[in-house]
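Close look at the chain arrangement
Next come the chains, spelled out residue by residue.
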Amino acid sequence: MSNDKPSPATAAFSDLAFTRSSPYGTQAEPTYAGATSFLRRRYSKDLNDVDVAVIGVPFDVATTGRPGTRYGPRAMRAASTMLAWCPPYAWASDPLDTLHVIDWGDVFFDSGNITAAPALIRETYQTISSAGVKPLTLGGDHFISYPILQALAEIHGPLSLIHFDAHSDTWADDGNRIDHGTMFYQAAKTGIVDPSRSIQLGMRTFNAEKHGFEVLDARWLHRHGIAAAVAAIMTRVGDSACYLSFDVDFLDPSCAPGTGTPVVGGFDTHTALELIRGMTGVRLAGADVVEVSPPFDHAEITALAGASIAHEMLGLFAANRK
């Protein structure tokens, strides 16, 4: 074999999480082997010249239903190896050709001192955002969005929230709970999210209070469809800085059984991907995919759905950057 072409037995074709020669582009690696990072991006804590950092937050003690989302980041990374060999097909160009994306790894916190975890998450995102890097988060239960929003609001001011979910997560509490069903109530109450420029889609559990959010529930979305939903999102958020939060239980349990609080009557993965693709032009400050719970998954279909949604979010980051 010639000297200018590496042998398939060399590191040039494996363990790209560590051996990648360039942060840009899509390169194939066997889906069943190698060091696992999200989409085989370089695993690094170096934020210099980085556009997007993929961050895992393996936290699930705020769940009110079935636990297990602490394994979500690892499962989505593993599922992403099946996506890493080619660009997302519906975009005009490969987002990884223009975005410097790293896998930053997971936020560390002491599982024996859970009350300290929200501050540790917030401090991590303060460091990442202060470096001018956009965070793409793999959860973890949905509570993690709250300390992330706190950190991002310090830089961007009150954020618009685009929220896909089966639940509103705006049930009122006293502000002292670590709960994945109340954090957007607290985000609105404390002013880090502006409800008048925020929208929630797909809800199919009862909450009498909207707290100023525009809520397009599951019945509305099923009846009006993708194009009307995208138009409503773009009208609502305008040119404000936005945070995109996707709870995997937005999907119907037939498409995403691996979650802690599944609710029937939801949506298929095609609908979710089209909704994300339609939002080209929103000013994304950050995004997350949360509530993937591998212990309740089957054939990794929920993890694959979560990884695919996060892949599409990278397409949105790249399109909006242009």
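Scope of this entry: the structure provided in the associated data block. (Residues numbered from 1 in each chain as written. Predicted model: local features only at pLDDT ≥ 70, side-chain atom pairs only at ≥ 80, totals over all residues. Heavy atoms only, no water.)

1. Quick notes on the sheet that holds strand β6 (residues 199–201)
The line we're drawing: We call two strands paired when DSSP finds no fewer than two bridges between them. Helix and strand definitions here come from DSSP, where helices need a minimum of 4 consecutive H or I residues and strands a minimum of 2 consecutive E residues; each element is numbered from the N-terminal end. Two residues qualify as a contact provided that any one of their heavy atoms is within 4.5 Å of a heavy atom in the partner residue. Helix axes are fitted to C-alpha atoms over the stretch in contact, other axes to C-alpha atoms as well, and angles between N-to-C directions run from 0 to 180 degrees.
Strand order in the open sheet formed by nine strands is β1-β3-β2-β4-β9-β8-β5-β6-β7, and the pairing between neighbours is parallel. Two strands bound the open sheet, and with one partner strand each, they are β1 (42–43) and β7 (214–216). Both strand β2 (residues 52–57) and strand β4 (residues 134–139) contribute to a ladder of six bridges, which runs parallel. Residue pairing for β4: valine 54 is matched across the bridge by leucine 136. Sheet contacts for helix α5 (residues 145–156): β4, β8 (241–247) and β9 (283–290); angle to β8, the most-contacted strand, approximately 170 degrees.

2. Topic: the nonpolar core
To be explicit about the condition: Among buried residues, those of type Ala, Val, Leu, Ile, Met, Phe, Trp, Tyr and Cys that are joined through side-chain atoms within 4.5 Å constitute a nonpolar core. Think of it in three bands: with a 1.4 Å probe and only protein chains considered, a residue is buried below 20% of the maximum accessible area for its type, exposed above 50%, and partly exposed in between.
Among the nonpolar cores identified, the biggest contains 55 residues, and Ile162, Phe164 and Leu314 are the most heavily contacted of them. Among the elements that line this core, the one with the most residues is helix α9 (residues 301–321), at ten residues. When near neighbours in sequence (up to four residues on either side) are disregarded, isoleucine 162 contacts Ile199, Ile233, Val237, Cys242, Tyr243, Leu244, Ser245, Met279 and Val282.

3. Observations concerning the pattern of salt bridges
This is how the line gets drawn: A pair is scored as a salt bridge if a Lys or Arg side-chain nitrogen falls within 4 Å of a carboxyl oxygen belonging to Asp or Glu.
Summed over the entire model, instances satisfying the criterion amount to ten salt bridges. One salt bridge connects aspartate 60 with arginine 70, and the closest N-O pair in it is separated by 2.9 Å. Of this pair, aspartate 60 sits in the loop between β2 and α2 (72–80) while arginine 70 sits in the loop between β2 and α2; the two residues are ten residues apart in sequence, bridging distant segments of the chain. Taking the relative accessible area as the measure of exposure, aspartate 60 reaches 5% and is therefore buried.

4. Section: the side chain of threonine 81
Along the chain, threonine 81 falls in the loop between α2 and α3 (95–98). Given a relative accessible area of 6%, threonine 81 falls into the buried group. Threonine 81 has contacts with Thr31, Thr36 and Arg40, leaving out every residue within four places of it along the chain.

5. As for the pairing of β2
Burial analysis of β2 places six of its six residues in the buried class, which makes it a mostly covered element. What you see with β2 is no split at all: Val52, Val54 and Gly56 on one side and Ala53, Ile55 and Val57 on the other are buried throughout. Where β2 lies against strand β3 (residues 101–106), five bridges are found, and the strand directions are parallel. By the bridge assignment for β3, isoleucine 55 is matched with glycine 105.

6. A look at the side chain of serine 44
Put simply, the rule is: Nitrogen and oxygen atoms within 3.5 Å of one another constitute a polar contact, given that in protein one can donate a hydrogen and the other can accept it, and given that sequence-neighbouring residues count only through two side-chain atoms.
Assignment of secondary structure puts serine 44 in the loop between β1 and β2. A polar contact is formed between the side chain of serine 44 and the backbone nitrogen of aspartate 46, at a distance of 2.9 Å.

7. Section: the packing of helix α4 (residues 117–130) against α5
Two quantities define a packed helix pair, namely the angle between the axes and the distance from one axis to the other. Note the cut-off: Here is the rule for handedness: rotate from the far helix to the near one, and if that takes an anticlockwise turn smaller than a right angle the crossing is left-handed, while a clockwise turn gives right-handed. Throughout, the ten residues Ala, Val, Leu, Ile, Met, Phe, Trp, Tyr, Cys and Pro are labelled nonpolar, Asp, Glu, Lys and Arg are labelled charged, and all others, Gly among them, are labelled polar.
The interhelical angle for the contact between α4 and α5, taken along N-to-C directions, is 35 degrees, at an axis separation of 8 Å. For the pair α4 and α5, the sense of crossing is right-handed. Here Pro118, Ile121, Arg122, Tyr125, Gln126, Ser129 and Ser130 of α4 lie close against α5, whose contacting residues are Pro147, Ile148, Gln150, Ala151, Leu152, Glu154 and Ile155. Along the lines of polarity and charge, the residues of the contact of α4 with α5 split into eight nonpolar, four polar and two charged.

8. Quick word on the packing of aromatic side chains
Our working rule: Aromatic contacts are taken between Phe, Tyr and Trp rings whose centres are within 6.5 Å, Trp giving its six-membered ring; a plane angle under 30 degrees counts as stacked, one over 60 as edge-to-face, and the others as tilted.
This structure, assessed with the given rule, holds eight aromatic pairs. On the numbers, 6.1 Å between centres and 55 degrees between planes, the contact of phenylalanine 18 with tyrosine 43 is tilted. Of the two residues, phenylalanine 18 is situated in helix α1 (residues 16–19) and tyrosine 43 in strand β1; the sequence distance between them amounts to 25 residues. Exposure remark for tyrosine 43: the relative accessible area of 37% places this residue in the partly exposed category. Ring geometry for phenylalanine 164 against phenylalanine 250: centres 5.4 Å apart, planes inclined by 80 degrees, an arrangement best described as edge-to-face. Taken together, the residues span a long stretch of sequence, with phenylalanine 164 in strand β5 (residues 160–164) and phenylalanine 250 in the loop between β8 and α8 (269–277) at a distance of 86 residues. The same class applies to phenylalanine 164 as to phenylalanine 250, namely buried.

9. A look at the packing of α2 against α9
Put simply, the rule reads: When an angle is under 35 degrees it counts as roughly parallel; over 145 it counts as roughly antiparallel; between 65 and 115 it counts as roughly perpendicular; any other value is oblique.
Across the interface, α2 lies against α9 with an axial gap of 8 Å and an inter-helix angle of 75 degrees. Relative to α9, α2 is oriented roughly perpendicular. Here α2 contributes Ala75, Met76, Ala79 and Ser80 to the contact with α9, which in turn contributes Ala303, Leu304, Gly306 and Ala307. Among the residues forming the contact of α2 with α9, the class breakdown is six nonpolar, two polar and no charged.

10. As for unusual backbone geometry
A negative phi angle characterises most non-glycine residues, just as the trans form characterises most peptide bonds. For the peptide bond that leads from glycine 139 to glycine 140, omega is 15 degrees, which places it in the cis range. Within the secondary structure, glycine 140 sits in the loop between β4 and α5. The residue leucine 39 is not glycine, and still its phi comes out positive at about 55 degrees. Mapped onto the elements, leucine 39 comes out in the loop between α1 and β1. A relative accessible area of 2% means that leucine 39 is categorised as buried. Non-glycine residue arginine 40 carries a positive phi angle of around 60 degrees. By the secondary structure assignment, arginine 40 is in the loop between α1 and β1. We classify arginine 40 as buried; its relative accessible area is 2%.

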